[in-house]
Amino acid sequence: MGNSDTKLNFRKAVIQLTTKTQPVEATDDAFWDQFWADTATSVQDVFALVPAAEIRAVREESPSNLATLCYKAVEKLVQGADSGCPSEKEKQIVLNCTRLLTRILPYIFEDPDWRGFFWSTVPGAGRAGADEGDDDNARPLAESLLLAIADLLFCPDFTVQSHRKGGPDTAEDIQSLDSCEYIWEAGVGFAQSPPLNYIHDLNRTELLKLLLTCFSEAMYLPPSSENNILNPWVTFFCSTDNRHALPLFTSLLNVVCAYDPVGYGIPYNHLLFSDYREQLVEHAVQILIVALEHEGGVAAGSPPLEGPNSTAALEDQDPVGPDNLFVNYLSRIHREEDYHFILKGVARLLTNPLIQTYLPNSTKKIQFHQELLVLFWKLCDFNKKFLFFVLKSSDVLDVLVPILYYLNDARADQSRVGLMHIGVFILLLLSGERNFGVRLNKPYSVRVPMDIPVFTGTHADLLIVVFHKIITSGHQRLQPLFDCLLTIVVNVSPYLKSLSMVAANKLLHLLEAFSTPWFLFSASQNHHLVFFLLEVFNNIIQYQFDGNCNLVYAIIRKRNVFHQLANLPSDTSSIQKALQRKKKSPDAISRTNSQEAVSMEGSRPAVPAEPGTLKTSLIATPGIEKLTEKSQVSEDGTMVSVQQTDSPQTPSDNGGIAGASDTESNSGRDNEDVFYTETERRRLSSVSSVSQWTPTPDWVLSWKTKLPLQTIMRLLQVLVPQVEKICIDKGLTDESEILKFLQHGTLVGLLPVPHPILIRKYQANAGTAMWFRTYMWGVIYLRNVDPPIWYDTDVKLFEIQRV
């Protein structure tokens, strides 16, 4: 039978399903087999031949037919898993049912009345022709489906290489098979690398697509800050009920971290054979990040994995910590070589889109860096030993550079605001550890083509130059991130040995922009940005004065900025005048020094999203004081948590985000139950910023008196006369002489007693957990366009908008 005939028959069956007024009996095999027995339809065909309108029509008008179709398709998968699909025909039936269920499930989830259907047991359904014990038949349909998928993912000659030399595997074999011997790729806890087999890769990808669709019930529930909403599909799949949980977790992780898109070192190799591995890797990383959803702070006390092959050791131990085995296993990886394998793999894939080669299109550019960033985040969050490993050597810079590249590249594109957030969150997490600041002193010589000023210096300079670019030339929606960006700079500042002149000037330019009276008076939180910057200067002067003559020189040159801050007027008429001036003057933050307009070679300017680009809405993230917890670094370098008080270091005005997206008031900020989508927030905030908050003299004084200016004023008092004297004596206009003088200068005994170093460490909370869920599913929704699994279904977790 030709392919067009099979499509025709399949289409006929779909039409019959919608037009039959009487329910079709489950036993009418001749009817049901039309959907999977003779057809060889691709997943794209299934999506074309089963239109959304018809699925909804069956759901509304012949619900029992839809129920039977789902039940029969699951039954076929269970039979395939039991038999091990020895024949080609059985493999084809399994694939057809997989595609059909991938098509139908989103329409089950979008209807609240149907959502429980898969968790009910189908009455009197019993498996066709099976007379097993009742307990198996009583399983909810969802559990039968998930267990069948897990079995099929380790099915010899279908999704894994058979180890048998003899004939086809028998039914007993598939049930007793030790799937730990069939892990898909070498890496964590597994040494053999099975030969690549593109048919196996394709079949795994189809099954993972269905698994991801099962997990996607989460997209159909509105965002809520309730901590305990578990996804029942994920919970069951990652529980001890799934005997393949460990080998599957290991297979997914290893397939992702071992993937090399360059094509094994041969240019253009990816053009010779369509890269089936890439699709598999994409789905693997998406399944991983969804399955690893768990409220933070896990399994710190879990026993490490001992033994030569850690998979075996993993199984022998009683699980400690979370019930989710994927989270449990991830938190217990502990061997250095495993950490090395994971970090190298993630860094290789994150760096891939940055690689400039002289041969155009010679290397494959991957598109799944957002999912990789979420995976890296979860690795660091759930496995603290991995985080310390990452920071132990300069390998962390192999992750930092691509993140800075993505942040810089996406800064003008509203559709990538989520990418900006995840990148900044990762850097905030890393910056809470002293080692990150220390690593930043390594010279930056890689020269990734970035649209930023040319400079010679360290990775710290790169970070500051990129952050400056984001703040001065990113789009409006990024304002809520300014606090986070400056918190990262504060966290690393005590360890920065020598800033370049370019970076020093950028920091002072930010201070100049943020300390203009109209900016300070136009929103209740804006002064926080000035506090952060002063804290950066104080940390560097107090702890790293010796190598930082460039910064000291820049401070001396811009000394009027500090004097104006100290003398900031706070009377009502001055406040009014400053705000009037705001209406006339263009945005001061975007003024940049024109002489630094030369960008790096090979760079392209960051471009806004193409009109019509789809994006998903994100919920607001909590303010910086909710995202972080203050820790003080004591003499021996250990950190001590600091009680949140109104310290002079940074006044915490009832919480909130500095310069939040449209200077909204903080009325709803502290209440984490209030989630606005961006659109609602913008509407509310434009109203509230006008009506609710106005600056008063008392308010200005409440924080102005706490500005930490003493150290800088003392430095200026001592050094300015000396520098002026040199200039007069030697008739100098040459900076290099002044820098030489500052390099050998010392302020020992002249400065106030050093303040303790304050680090703001990231802390997980319900608000960020919910943000991650919406972001992650938004990415997965937009990335699965062929076939468009969720497109045009009634998703509730986020809104789909056009830029």
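Cut-offs used in this document
Residues numbered from 1 in each chain as written. Predicted model: local features only at pLDDT ≥ 70, side-chain atom pairs only at ≥ 80, totals over all residues. Heavy atoms only, no water. Helix = DSSP H or I, 4+ residues; strand = E, 2+ residues; numbered from the N terminus. Buried < 20%, exposed > 50% of the residue type's maximum accessible area, 1.4 Å probe, protein only. Areas by Shrake-Rupley, 256 points an atom, 1.4 Å probe, with all protein chains shown as cover. Expected span 1.5 Å × (residues − 1). Polar contact = N/O pair within 3.5 Å; in protein donor to acceptor, adjacent residues only side chain to side chain. pLDDT = per-residue confidence, 0-100. Contact = heavy atoms within 4.5 Å. Pairing = 2+ DSSP bridges. Axes fitted to C-alpha atoms, helices over the stretch in contact; angles between N-to-C directions. Parallel < 35°, antiparallel > 145°, perpendicular 65-115°, else oblique. Left-handed = near helix turned anticlockwise from the far one by under 90°. Nonpolar A, V, L, I, M, F, W, Y, C, P; charged D, E, K, R; others polar.

### Quick notes on the overall build of the protein chain
Of the regular secondary structure elements, the protein chain holds 36 helices and five strands. Counting across all 803 residues of the protein chain, residues that qualify as buried make up 59%. Total accessible area computed for the protein chain in this model is approximately 32200 Å², and 54% of it derives from carbon and sulfur atoms.

### Side note on helix 14 (residues 276–291)
For helix 14, built from 16 residues, the straight-helix expectation of 22 Å at 1.5 Å per residue is met to within 8% by its first-to-last C-alpha distance of 23 Å. Taking burial as the measure, the 16 residues of helix 14 include 14 buried ones, the bulk of the element.

### Focus: the environment of Arg411
Residue placement: Arg411 occurs in the loop between helix 20 (397–410) and helix 21 (417–431). Judged by its relative accessible area of 5%, Arg411 falls in the buried class. The sequence separation of Arg411 and Ser473 amounts to 62 residues, and the corresponding C-alpha distance is 7.5 Å. A polar contact of 2.6 Å, which involves the side chain of Arg411, links it to the side chain of Asn408.

### Digging into the confidence of the model for the protein chain
Model confidence for the protein chain is summarised by a mean pLDDT of 84, while 82% of its residues fall at 70 or above. Within the model, pLDDT remains below 50 along residues 646–690, and this stretch shows 118 contacts once partners closer than five positions in the same chain are excluded.

### Notes on the pairing of strand 2 (residues 628–633)
In this structure, strand 2 lies alongside strand 4 (residues 757–762), joined through six bridges in antiparallel fashion. Residue pairing for strand 4: Gln632 is matched across the bridge by Leu758. Here three bridges tie strand 2 to strand 3 (residues 639–641), and the two strands are oriented antiparallel to one another. Paired with Val633 across the strands is Met639, a residue of strand 3. Connecting strand 2 to the next strand, strand 3, in antiparallel fashion are five residues, including Gly637 with a positive phi near 90°.

### A few points about the sheet that holds strand 3
Taken in spatial order, the three strands line up as 3-2-4 in an open sheet, and their pairing is antiparallel. Two strands close off the open sheet at either side, each with one partner strand: strand 3 and strand 4. For this sheet, the mean angle separating the axes of adjacent strands, direction not counted, is 40°.

### Comments concerning the environment of Thr121
Residue position: Thr121 is located in the loop between helix 6 (88–109) and helix 7 (134–137). Residue classification places Thr121 among the partly exposed positions, given a relative accessible area of 37%. Taking the C-alpha atoms as reference, Thr121 lies 5.8 Å from Ala138; in sequence the two are 17 residues apart. Beyond its immediate sequence surroundings of up to four residues, Thr121 is in contact with Ala138, Arg139 and Pro140.

### A short note on the side chain of Lys91
Note that Lys91 resides in helix 6. Lys91 has contacts with Cys85, Pro86, Asp157 and Phe158, leaving out every residue within four places of it along the chain.

### Remarks on unusual backbone geometry
Cis geometry marks the peptide bond from Asp786 to Pro787, where omega comes out at 0°. Looking at the secondary structure, you find Pro787 in the loop between helix 36 (766–783) and strand 5 (800–802). If you check the backbone angles, Cys85 has positive phi at about 45° while not being a glycine. Its location among the elements puts Cys85 in the loop between helix 5 (63–83) and helix 6. Given a relative accessible area of 1%, Cys85 falls into the buried group. Non-glycine residue Asp157 carries a positive phi angle of around 70°.

### A short note on the packing of helix 25 (residues 501–514) against helix 29 (residues 559–566)
How two helices pack is summed up by the angle between their axes together with the distance between the axes. Across the interface, helix 25 lies against helix 29 with an axial gap of 10 Å and an inter-helix angle of 30°. If you check the angle between helix 25 and helix 29, you find them roughly parallel. The two elements helix 25 and helix 29 cross, and the hand of that crossing is left-handed. In contact with Leu508, Leu511 and Glu512 of helix 25, helix 29 contributes Val561, Phe562 and Leu565. Grouping the constituent residues of the contact of helix 25 with helix 29 by class yields five nonpolar, no polar and one charged.

### Some words on helix 36
Taking 1.5 Å per residue, 18 residues should reach 26 Å; helix 36 reaches 26 Å between its end C-alpha atoms and fits that length. The element helix 36 is largely enclosed, with a buried count of 15 among its 18 residues. Structurally, the start of helix 36 carries an N-cap: the backbone nitrogen of Gly767 is 2.9 Å from a side-chain oxygen of Asn765.

### So, the packing of helix 12 (residues 245–258) against helix 17 (residues 336–351)
Taken N-terminus to C-terminus, the directions of helix 12 and helix 17 make an angle of 50°; their axes are 7 Å apart at the nearest point. Judged by the angle between their axes, helix 12 and helix 17 are oblique. On helix 17, the residues that touch Leu253, Asn254, Val256, Cys257 and Ala258 of helix 12 are Phe341, Ile342, Gly345, Val346, Arg348 and Leu349. Its residues placed into classes, the contact of helix 12 with helix 17 shows eight nonpolar, two polar and one charged.

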